[in-house]
Amino acid sequence: MFPLSSLRRGLYNLKREKGLLAGIIILLTLTVISLYAAFAAPYHEIVRKWNTVELWEDYPRNALPVWINLFRDKKLPETIIKDSRTGTPGVLKEVKRLNEIKITRIVLTFNYEYDDIPSEILLKIIFTGNLSRRATVTIKWISPDGDTVTFKQIALSGNYSYFISLDLDLLNSLRKRLVSVLGREFTYDVDINTLLFAVKDSTILEKSTVRISRGNYSIDIETIVLEPHVNVDAKLIVYGKVYGMAGTDGYRRDLWIGVVWGTPAALAFGLSAALIVALIQMFVGAVSAWLGGVTDFVIQRLTEIFMNIPFYPLLIMISFVYKLDLWTLLLVIVGLGIFGAGVKSMRSIFLTLKEVPFIEAAKAYGASSLRIITLYMIPRILPTLIPNLITSVPYYVFLEASLAIIGVSGTLRSVVTWGRILNDAYSSGALYLGLHHWVLIPSLFLFITSLGFALIGLGLDRMLNPRLKEI
Amino acid sequence: MSRGLRGISKFIGLRVVSVCFTLVAAIYIIIIIVNLGGFIDQIVISQVRQQIYESVMEAQKHLPIEERRRIAEQLLELEIKRLGFDKPFIYRSFIYLRNALLWDFGRSFRITSSSGSKTVSLIVLERLGPTILLFTSLNIAIFFSQLFVGLIVSRYYGKLIDKIVTSMSPLSSIPGWFYGIFIILVFAAWLKLLPFSGMLSAPPPEDVLLKILDILWHMIGPFISWFIAYLPIGVYYYRTFFLIFSREDYVEMAQAKGVPQNLVERRYILRPSLPPIITNLALTIIGSWTGAIITETVFGWPGMGRLIHEALQAMDSPVLLATSTIYAYLLAVTVIVLDVVYVIVDPRVRLA
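Because the structure is predicted, anything quoted here is derived from the model rather than measured. (Residues numbered from 1 in each chain as written. Chains lettered and ligands numbered in written order. Predicted model: local features only at pLDDT ≥ 70, side-chain atom pairs only at ≥ 80, totals over all residues. Heavy atoms only, no water.)

(A) How the structure looks around the overall build of chain A. Scanning chain A for helices and strands turns up 14 helices and nine strands. Radius of gyration (C-alpha) of chain A: 32 Å, far over the 23 Å computed for a compact globule of 471 residues. Residue burial in chain A is summarised as follows: out of 471 residues, 51% are buried. Long-range contacts, defined here as pairs at least 24 residues apart, represent 72% of the contacts in chain A between residues at least 6 apart. Summing over all exposed atoms, chain A offers an accessible surface of approximately 22300 Å²; the carbon and sulfur share of this is 62%. The averaged location of the 38 negative side-chain charges in chain A is 7 Å from the averaged location of its 48 positive side-chain charges. (Helix = DSSP H or I, 4+ residues; strand = E, 2+ residues; numbered from the N terminus. Rg over C-alpha atoms; globule rule 2.2 N^0.38 Å. Buried < 20%, exposed > 50% of the residue type's maximum accessible area, 1.4 Å probe, protein only. Contact = heavy atoms within 4.5 Å. Areas by Shrake-Rupley, 256 points an atom, 1.4 Å probe, with all protein chains shown as cover. Lys, Arg positive; Asp, Glu negative; His and termini not counted. Charge placed at Lys NZ, Arg CZ, Asp CG, Glu CD.)

Next up, the structure:
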């Protein structure tokens, strides 16, 4: 369709415009990420998973990205999970039967080689089968130095989640024990994780000198069950402080998944909004310029009226009242944008085009209005239209993000978008808590996406703008 | 001269009338769109109900509570009929329009002004001042900086400075408030050089001069974020713009005549290109109101933008509606002011 020379010229221009190339690379990367996200988890899956708290139980809360350990000499721990139902190393399960009594002994062992304490420790005891009479459970903790501490001895009538890090009685007894051995008090409010994982000498008494005792730790769970058909299992989760490529948020969700799933949403929304609004405005401008007279007058006044409507406050109110979802938001933006400012500039371009000689010639040979508009005028307007379109994509992406950040967007209850992640970060006070990754990583994606589109748009503008060709 | 003056005043008069029509129509459309779910009706009914209950509960204290409630409900029904709620919405929409134009927005649900009043128009008017202060100064500062830096850079086409400016233009794809978040992180939280939020420190300084300086200090954050966001693209745009205009033949003639370069720039390049520049300024200012709202929220600036945020959190619908209406007024005023400037600048209009 295009003559070969203009194609070669196009490629030469492309090589000269390094910004354009960078923009295209960014966009291709984002498209690949979006395709991956769209195929790995369909829309409903994403909505369900991101909004279901229980699915994220095994993930640490507010964890930093794993690669942060590359910049630290004191390595932050990753999450360690030992489950007696799986055959992972470190799981020891013995079952002894004595007539009607079944004694199950589960020893879960893990190796701890990190330089910082875990964020939380959780032990789950799971019964399968009908437990009608209470089972007696004894839980012991064995440190690498051989020191054994009995945490608890309780009677259970069902599944039990033991939040070791929150056990205040345990905290008091462990602390008293250590103080009596060391002969001195703690200079700070020590927590259970430190008491369990730190070297138990005088260094533990000062917060700055705490050292981690590395080696094999075990948790020993002995259950006495009076119904032999009941099976006992245990799951130990030692929550780390780092996870994944982007860390986790306050709801334990993997931020990398959130950010990756937000990519197709952002791209699709931004592109569709930009495309639809630009095309409609071009069409309205063309009609207004071509038909002239009353139609022109009416369309012009309508445009001025809509330009006088404060777009953003109205959008906020509509969102507030109707809780717009991502796609209904698109509809509203398009609806409000039909008579936007772009119509005026499109119209002025079409007005100048109308008087060009070959349009007169086309009219002379009897071409229909539709043919003239579509075949002659629109191709001449594309060099102005397309760069503006592409540069406007970041505007719409940020529009959606800002509605989510303020908290009026309907996406807060459905799809993940980068704006929604930022909203969660703000309402959880992420910046005050030092959880910078929660804000920085979605922001980075917003930034790079906008930069990509702007580079392409501006590069295309330099290449295609007819007025610049003279320079 | 008088013919020119008559031409200007006729033009301005026409524009003012036209903008007034536009404003009225815009506010009417706002009312219709927002009330699609019966939103405004709900606000009004709840305000009326609150007033009636308050007055009945007090005035008829001697009666038992059920009796008072019955009276209140009867009065409420009468009021509903009187206000026209049993008729289709179209009748009420004009009453709302009249109220909006007269700035009568009733009383808020929860938000109060700093003097404790719940009159919505008072609440919004209090916030108008800070908004205008910050954003007028921001827009003017950025406009002139874009213009003059763009003009200067257009002299060096093809040189390194030109390439740097061009490559920095994509920075403007990101709105000012976004940079604002990180400015606060870096300068307020980390370096402790700038305040976290607000317009004045708490407690504000007594001395007037110190107070002004305090306000200026609080304005630095928004200024920096808006400059990073909006200067690059403006400089790029005006640089291209002046490049095109400096190739006009009358400019070449002036240079051949021996006119000094800065005079050439001022009289032969800048002056004729002012009309489209003013149009561009108009569109920029109108477009900046959007970003202004979130910027105010991010920097805690006590203007209308932050009022919207507070109203959202307090679910205070009358205040929301009022701020949207007043924004429409602001837009209309902006258009009129810029039309006046346009008229002064473009000689062709005077001769029409």
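(B) Structural context of the side chain of S218 of chain A. All names here are of chain A. For S218, the location among the structural elements is in strand β8 (residues 215-225). S218 gets classed as buried once you look at its relative accessible area, which sits at 11%. Polar side-chain contacts of S218 include one of 3.2 Å to the side chain of T109. (Polar contact = N/O pair within 3.5 Å; in protein donor to acceptor, adjacent residues only side chain to side chain.)

(C) How the structure looks around empty space enclosed by the protein. All names here are of chain B. What the rule picks out here adds up to three cavities of 30 Å³ or more. Size it by volume and the largest cavity reaches roughly 90 Å³. If you trace the largest cavity, you find 14 residues lining it, with P195, F196, H218, G221 and F299 closest to the centre. The set of elements that each furnish at least two residues to the lining of the largest cavity consists of α7 (176-190) and α8 (208-245). A total of four residues in the lining of the largest cavity trace back to one element, the largest contributor, which is α8. Residues belonging to the lining of the largest cavity are distributed by class as follows: ten nonpolar, four polar and no charged. (1 Å grid on protein atoms, 1.4 Å probe; cavity = no way out; pocket = protein on both sides within 12 Å on 5 of 7 lines; lining within 4 Å. Points joined across faces, edges and corners; volume = space filled by probe spheres on them. Nonpolar A, V, L, I, M, F, W, Y, C, P; charged D, E, K, R; others polar.)

(D) Region of interest: the packing of helix α8 (residues 311-322) of chain A against helix α12 (residues 369-406) of chain A. All names here are of chain A. Their axes nearest at 11 Å, the elements α8 and α12 cross at an angle of 50 degrees. Taken together, α8 and α12 sit at an angle that is classed as oblique. Helix-helix and strand crossings are classified by hand; for α8 and α12 the assignment is right-handed. Each of F311, Y312, L315, I316 and S319 in α8 lies in contact with α12, whose residues at this interface are Y395, L399, S402, L403 and I406. Residues belonging to the contact of α8 with α12 are distributed by class as follows: eight nonpolar, two polar and no charged. (Axes fitted to C-alpha atoms, helices over the stretch in contact; angles between N-to-C directions. Parallel < 35°, antiparallel > 145°, perpendicular 65-115°, else oblique. Left-handed = near helix turned anticlockwise from the far one by under 90°.)

(E) Here's a closer look at α12 of chain A. Residues and elements named next belong to chain A. Between its terminal C-alpha atoms α12 stretches only 46 Å, short of the 56 Å expected from 38 residues at 1.5 Å a residue. For α12, the principal kink sits at L382 and spans about 50 degrees; a proline, P383, occurs within the next four residues. Residue G407 follows α12 closely and has a positive phi angle near 110 degrees. (Expected span 1.5 Å × (residues − 1). Bend = angle between axes of the 7 residues up to and from the residue.)

(F) Fine view of the sheet that holds strand β5 (residues 135-142) of chain A. Residues and elements named next belong to chain A. One open sheet holds the five strands; their spatial order is β2-β3-β8-β5-β6, and the pairing between them is antiparallel. The sheet is open, and its two borders are formed by β2 (91-98) and β6 (148-156), each paired with just one other strand. Strand-to-strand twist in this sheet, taken as the mean axis angle between neighbours without regard to direction, amounts to 15 degrees. (Pairing = 2+ DSSP bridges.)

(G) Region of interest: the packing of aromatic side chains. For the structure shown, the criterion picks out 40 aromatic pairs over all chains. Relative to Y179 of chain B, the ring of F447 of chain A lies with its centre 6.4 Å away and its plane at 80 degrees, an arrangement referred to as edge-to-face. Within this pair, whereas F447 of chain A is found in helix α14 (residues 436-464), its partner Y179 of chain B is found in helix α7, the two belonging to separate chains. Each member of the aromatic cluster is reached from another via a ring pair, and the members are F110, Y112, Y114, W141, F151, Y160, Y162, F197 and Y217 of chain A. Here the basic side chain of R252 of chain A rests over the ring of Y239 of chain A, its NZ or CZ set 4.7 Å away from the ring centre. (Phe/Tyr/Trp six-rings, centres within 6.5 Å; stacked < 30°, edge-to-face > 60°. Lys NZ or Arg CZ within 6 Å of the ring centre and 35° of its normal.)

(H) Spatial organisation of the environment of E17 of chain A. Residue and element names in this part refer to chain A. With respect to the secondary-structure elements, E17 resides in the loop between α1 (4-16) and α2 (18-40). Overall, E17 belongs to the buried group, its relative accessible area being 15%. C-alpha of E17 to C-alpha of G459: the two residues are 442 residues apart in sequence and 6.5 Å apart in space. The residues touching E17, leaving out its near neighbours within four places in the chain, are G459, R462 and M463.

(I) The interface of chain A and chain B, seen in detail. In this assembly, 41 residues from chain A lie in contact with 50 residues from chain B. Both faces combined, the contact of chain A with chain B buries some 4100 Å², and carbon together with sulfur accounts for 82% of it. In this assembly, chain A and chain B are joined by zero salt bridges. Here the side of chain A that touches chain B takes twelve residues from α14 of chain A, the largest share from any one element. (Buried area = accessible area lost by both parts, 1.4 Å probe. Salt bridge = Lys/Arg side-chain N within 4 Å of Asp/Glu carboxyl O.)

(J) Broad picture of the pattern of salt bridges. If you walk through the whole model with that rule in mind, you get 25 salt bridges over all chains. Close ionic contact of D147 of chain A with R177 of chain A constitutes a salt bridge, the shortest N to O distance being 3.2 Å. You can see D147 of chain A sitting in the loop between β5 and β6 and its partner R177 of chain A sitting in helix α4 (residues 168-182), a full 30 residues away along the chain. Residue classification places R177 of chain A among the partly exposed residues on the basis of a relative accessible area of 37%. Close ionic contact of R306 of chain B with E310 of chain B constitutes a salt bridge, the shortest N to O distance being 3.3 Å. Residue R306 of chain B and its partner E310 of chain B are both found in helix α11 (residues 304-313); the two are separated by four residues, about one turn of the helix.

(K) Expanded view of the pairing of strand β9 (residues 231-239) of chain A. All names here are of chain A. Among the nine residues of β9, eight are classified as buried, and the element is accordingly described as predominantly covered. Of the strand pairs in this sheet, strand β1 (residues 80-83) and β9 are connected by four bridges, and their pairing is antiparallel. Bridged to I80 within β9 is V238. As paired elements, strand β4 (residues 120-128) and β9 share nine bridges and run antiparallel to each other. Its bridge partner lying in β9, I121 is registered against V238.

(L) Representation of the nonpolar core. Core analysis: the largest hydrophobic core is formed by 181 residues, its most contacted members being L314, I316 and F350 of chain A together with F242 of chain B. Filtering out sequence-adjacent residues up to four positions away, L314 of chain A remains in contact with I309 and L336 of chain A together with I30, I33, V34 and S324 of chain B. Judged by nonpolar contacts, the second largest core, of 48 residues, contains I121, A135, I212 and Y217 of chain A. (Core = buried A, V, L, I, M, F, W, Y, C linked by side-chain atoms within 4.5 Å.)

(M) Molecular detail of the environment of A292 of chain B. Residue and element names in this part refer to chain B. Note that A292 resides in helix α10 (residues 261-299). Residues A292 and I142, 150 residues apart in the sequence, show an inter-C-alpha distance of 14 Å. Once residues lying within four places of it in the same chain are set aside, the contact partners of A292 are F135 and W226.

(N) Representation of the sheet that holds strand β7 (residues 160-163) of chain A within the structure. Residues and elements named next belong to chain A. An order of β1-β9-β4-β7 is seen for the four strands of this open sheet, with the pairing classed as antiparallel. The sheet is open, and its two borders are formed by β1 and β7, each paired with just one other strand. Neighbour-to-neighbour, the strand axes of the sheet open up by a mean angle of 10 degrees, direction not taken into account.

(O) Representation of a nonpolar patch on the surface within the structure. Taken together, the side chains of V208, L209, L210, I212, L213 and L216 of chain B define a hydrophobic patch exposed on the protein surface, amounting to about 580 Å² of accessible area. What makes I212 of chain B partly exposed here is its relative accessible area of 46%. (Patch = residues over 30% accessible without salt bridge, like charges linked within 9 Å, V, L, I, M, F, W, Y side chains within 5 Å.)

(P) Up close: the packing of helix α6 (residues 255-291) of chain A against helix α9 (residues 326-337) of chain A. Residue and element names in this part refer to chain A. Direction vectors running N to C along α6 and α9 enclose 20 degrees, while the axes themselves pass 10 Å from each other. When the axes of α6 and α9 are compared, the pair comes out roughly parallel. Here α6 runs over α9; the crossing is right-handed. Taking contact as the criterion, the partners of A265, A268, F269, S272, A273, I276, V277, I280 and Q281 in α6 are, on α9, L326, W327, L329, L330, I333, V334 and G337.

(Q) Summary view of the environment of N62 of chain A. All names here are of chain A. Residue position: N62 is located in the loop between α3 (43-51) and β1. By relative accessible area, which is 24% here, N62 ends up partly exposed. Residues N62 and Y251 lie 189 residues apart in sequence; the distance between their C-alpha atoms is 7.7 Å. Setting aside residues no more than four positions away along its own chain, N62 makes contact with T248, D249, G250, L435, H437 and W438.

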